[in-house]
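Reading the structure
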Amino acid sequence: MTEFWLISAPGEKTCQQTWDKLMVATTRTNNLSTNHKFNIPDLKVGTLDVLVGLSDELAKLDTFVESVVKKVAQYMADVLEDSKDKVQENLLANGVDLVTYISRFQWDMAKYPIKQSLKNISEIVSKQVTQIDNDLKARASAYNNLKGNLQNLERKNAGSLLTRSLADIVKKDDFVLDSEYLVTMLVVVPKTNYLDWQKTYETLAEMVVPRSTKQLFEDNESGLFSVTLFRKAVDDFRHKARENKFTVRDFQYNEEEMKADKEEMTRLSTDKKKQFGPLVRWLKVNFSEAFIAWIHIKALRVFVESVLRYGLPVNFQAMLLQPNKKNMKKLREVLYDLYKHLDSSAAVIDASMDIPGLNLSQQEYYPYVYYKIDCNLLDFKV
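**Some remarks on helix H8 (residues 255-310)**
- In this model H8 runs 80 Å from its N-terminal to its C-terminal C-alpha over 56 residues, within 8% of the 82 Å that 1.5 Å per residue would give.
- At phenylalanine 276, H8 is bent by approximately 30°, the largest bend along its length, and proline proline 278 sits one to four residues beyond.
- The N-cap of H8, judged by a side-chain oxygen 3.0 Å from the amide nitrogen of glutamate 256 a few residues on, is asparagine 254.
- Residue glycine 311 follows H8 closely and has a positive phi angle near 80°.

**Quick look at the pairing of strand E3 (residues 182-190)**
- Judged by how many residues are buried, E3 sits mostly within the fold: seven of nine residues are covered.
- Bridge analysis of E3 against strand E5 (residues 222-230) gives nine bridges, and the strand direction is antiparallel. Opposite valine 188, over in E5, you have leucine 224 as the bridge partner.
- As judged from the three bridges shared by E3 and strand E6 (residues 247-249), these two strands associate in the antiparallel manner. Looking at E6, one finds that valine 188 is bridged to threonine 247.

**Some thoughts on the confidence of the model for the chain**
- Predicted confidence across the chain gives a mean pLDDT of 90, with 93% of residues reaching 70 or more.
- Below pLDDT 50 for its whole length, residues 347-352 participates in 16 contacts with residues either more than four positions away or in separate chains.
- Note that residues 354-362 has pLDDT below 50 and, in this model, five contacts with residues that lie over four places away or in other chains.

**Quick notes on unusual backbone geometry**
- Of the consecutive residues leucine 312 and proline 313, the connecting peptide bond is found in the cis state with omega at -5°.
- When you line up the elements, proline 313 lands in the loop between H8 and strand E7 (316-323).
- Of note in this structure, asparagine 31 is not a glycine but carries a positive phi near 50°.
- On the secondary structure map, asparagine 31 appears in the loop between helix H1 (15-28) and strand E2 (33-37).
- According to the relative accessible area criterion, asparagine 31 is partly exposed, its value standing at 48%.
- The backbone phi angle of aspartate 178 is positive, close to 55°, even though this residue is not glycine.

What counts, and where the lines are drawn
Residues numbered from 1 in each chain as written. Predicted model: local features only at pLDDT ≥ 70, side-chain atom pairs only at ≥ 80, totals over all residues. Heavy atoms only, no water. Helix = DSSP H or I, 4+ residues; strand = E, 2+ residues; numbered from the N terminus. Expected span 1.5 Å × (residues − 1). Bend = angle between axes of the 7 residues up to and from the residue. Polar contact = N/O pair within 3.5 Å; in protein donor to acceptor, adjacent residues only side chain to side chain. Buried < 20%, exposed > 50% of the residue type's maximum accessible area, 1.4 Å probe, protein only. Pairing = 2+ DSSP bridges. pLDDT = per-residue confidence, 0-100. Contact = heavy atoms within 4.5 Å.

Structure follows, in structure tokens:
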């Protein structure tokens, strides 16, 4: 289960009491969740007006940062060609797995100095993550172009004999070259028609050189045969071959072109290998940066929302719950009973109750401060 509920409730006589109450209600008797204290430092509160404005800004920033975290994670999966075990081991925050990082969260004083105002801290995060987003677009675009060009070339060198490149199949010796009168053609013959080909190829046009056919290659469906004939008979031969279900490939032996194709393939393949390592390292580092920034935004939101809801002086306990999947509904009910006294409007209609015509679940409003953190960041389930 990679879903966390980050909640806060006002301190009773002490914040420890608030924590103890939650533990008794959710773990000691009924194993509804695994809980951790979520440490938020003494941040600068500022004025009420600033907090109200910041509450909206942080909501937008949260959505943006989460989208960047997911983009970096998903691109990591694309680059590692979806080898799932490798993806997970590269998606770390501060060198540890995501669950460990969140459950042992410590504010990063060096990156986000708490002497700064809340607005400044949110701007530091915004700037940092926007930079990661822009860098990702540039790096992904360059790598995807390279990968695309390589795939196109690989496609040309694979597939059926009717469409694939023949450069790595044919040799110079297979052709009559530099003759004024004669030309060698390449013909794709279905396996089931080999006998027909041997019987008829000499008679498909008037000027076919007898016994000049040779099988050069075979795949699952067809064989590639060469045949030599006079240049003036080419059109006639092509037409008759088609009538007999033999396909003449348009191919001219050109050593320079074939060499250039092979060199391009080698160059792209080498470039891709060269870029792969640094790109994975960049993704690893910047996934960690973006994820850490995201959890700091969650911490900021809990702080701002708790001050707005529970008032001053700052006195609340932030708590991280990892719900037991089977008991999520029950956990909601227990939390509701525990905190319904905090907000009479939330006590009338609880978002976990399904009331026809009221779409409250979208807003997920509860009498306590609540934010969800979902660590399953990839399209596929890991």
